Amino acid sequence: MSDKILPPLDRDQLIMQAAALANHLARAGVQWMPRPNLDTVQTLKSRFEAASATSSVDNAASSVAQNARPPVVDSGGTPSGGAAAAPSPPPPTQPPPRRPALSPMLVGEAGKPYPGVSLPVAQRESELAALASEVAACQRCPQLVRCRTQTVFGEGNAAARVVFFGEGPGADEDRSGRPFVGKAGQLLTKMIQACKFSREEVYILNTVKCRPPGNRNPEPEEIANCRPYFEKQIELIRPEYIVCLGAVSGQALLDSKLSVGRLRGQFHPYFDSKVIVTYHPAYLLRNPAAKKAAWEDLQMMLRDAGLI
Ligand code: URA
């Protein structure tokens, strides 16, 4: 075991870390922990600052006292008060180097918090199951209802740190009732595993829950009809990261008309989740040269999450 002692955290670092810990626990559905609120954090910070301003005056006084040099004693043992004989004053003490700041989004600066409270995992699971039953009976899009074998709700960990958000079921998904199980799904599974996650650790869902005929893109009205479903799924899970696969999910979630090329390479806020937009695995199968960019996008997330 290493006996290296880290320098103590300063006030700001301590507050940031406490807020990040509280945020993490709240996301994971721990309810006894108060949800960090940016206003409260700022109020506490100002109080700390006011208190430490007083104590730093005291500290300054005591450090002056500590730095007061004892009388210089000459070789004969007699104190000498002569200015010329005094050694030069010690250099002012430097503050210890600051640790790098934590990601500012961890204290909710980017997006507003998800509405309501973060539910314990078992309750998220039962609410997701109830929503899945509602989706299975949905009749909102007459053409999709006629063409579907079954709805494809989504699957995975109700307390996932990362959610993968696709476009809509294809033929394989329509047959099996599970998201991303065809060829594109196999590539997505490899992408998830390259991030050192398993499919069971993350959550996978689509923008629309029914297969558009002939694998066409979902119509805006179909996306609008499915919006309450995918929004509720994400709100229940409230992940740290949402990976939008392709333009359909990225544009729907971020209410944007920009292409993947314009949306990728940065984090976008969605409530207090961080969203990245990258290429859809089906696009990557047709354009393998884009895999490098998709991997860079995932690495940006992994770096931000402290996983690489
Ligand atoms: N493509 C998607 O967008 N979602 C799936 O579930 C399968 C393929």
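Parameters and conventions
Residues numbered from 1 in each chain as written. Predicted model: local features only at pLDDT ≥ 70, side-chain atom pairs only at ≥ 80, totals over all residues. Heavy atoms only, no water. UniProt positions renumbered as here; feature names shortened; annotations may be inferred. Pairing = 2+ DSSP bridges. Helix = DSSP H or I, 4+ residues; strand = E, 2+ residues; numbered from the N terminus. Contact = heavy atoms within 4.5 Å. Axes fitted to C-alpha atoms, helices over the stretch in contact; angles between N-to-C directions. Disulfide = S-S within 2.5 Å. Buried < 20%, exposed > 50% of the residue type's maximum accessible area, 1.4 Å probe, protein only. Near = heavy atom within 4 Å. Polar contact = N/O pair within 3.5 Å; in protein donor to acceptor, adjacent residues only side chain to side chain. Areas by Shrake-Rupley, 256 points an atom, 1.4 Å probe, with all protein chains shown as cover. Nonpolar A, V, L, I, M, F, W, Y, C, P; charged D, E, K, R; others polar. Parallel < 35°, antiparallel > 145°, perpendicular 65-115°, else oblique.

As recorded by an unreviewed UniProt entry, the protein carries the name Type-4 uracil-DNA glycosylase and is attributed to Novipirellula rosea. What the UniProt record of the protein gives under Catalytic activity (unreviewed entry) is the line "Hydrolyzes single-stranded DNA or mismatched double-stranded DNA and polynucleotides, releasing free uracil."

## A short note on the sheet that holds strand E4 (residues 162-166)
One open sheet holds the 6 strands; their spatial order is E3-E5-E4-E6-E8-E7, and the pairing between them is mixed. The open sheet is flanked by strand E3 (155-156) and strand E7 (268-270), the only strands paired with a single partner. Sheet topology note: the E7/strand E8 (residues 273-278) ladder contains 3 bridges and is antiparallel. Looking at the pairing, Pro269 lines up with Lys274 of E8. Along the sheet, helix H7 (residues 220-237) makes contact with E4, strand E5 (203-206), strand E6 (241-245) and E7, crossing E5 at roughly 165°. Contacting E4, E6, E7 and E8, helix H8 (residues 247-254) crosses the sheet at an angle of about 130° to E6.

## Some remarks on the state of the cysteines
Tallied over the full model, the rule gives 0 disulfides. The thiol of Cys210 is unpaired, and the distance to the nearest cysteine sulfur, on Cys226, comes to 6.2 Å. The buried category is assigned to Cys226, whose relative accessible area is 9%.

## Let's talk about the site of the ligand
Taken together, the residues surrounding the ligand are Gly166, Glu167, Gly168, Glu173, Pro179, Phe180, Asn206 and His280. In the environment of the ligand, a nitrogen atom lies 3.0 Å from a nitrogen or oxygen atom belonging to the backbone of Gly168. Expressed as a share of its isolated accessible area of 230 Å², the protein-covered part of the ligand is 92%. The class makeup of the residues in the shell around the ligand is 2 nonpolar, 4 polar and 2 charged.

## Details of the packing of helix H3 (residues 121-136) against H7
Two packed helices can be described by the angle between their axes and the distance between those axes. Following both chains from N to C, one finds H3 and H7 inclined at 170°, their axes separated by 10 Å at the closest point. Comparing their axes, H7 and H3 come out roughly antiparallel. For the pair H3 and H7, the contacting residues are Arg124, Glu127, Leu128, Leu131, Glu134 and Val135 in the first and Tyr229, Lys232, Gln233, Leu236 and Ile237 in the second. Residue composition of the contact of H3 with H7, by class: 6 nonpolar, 1 polar and 4 charged.

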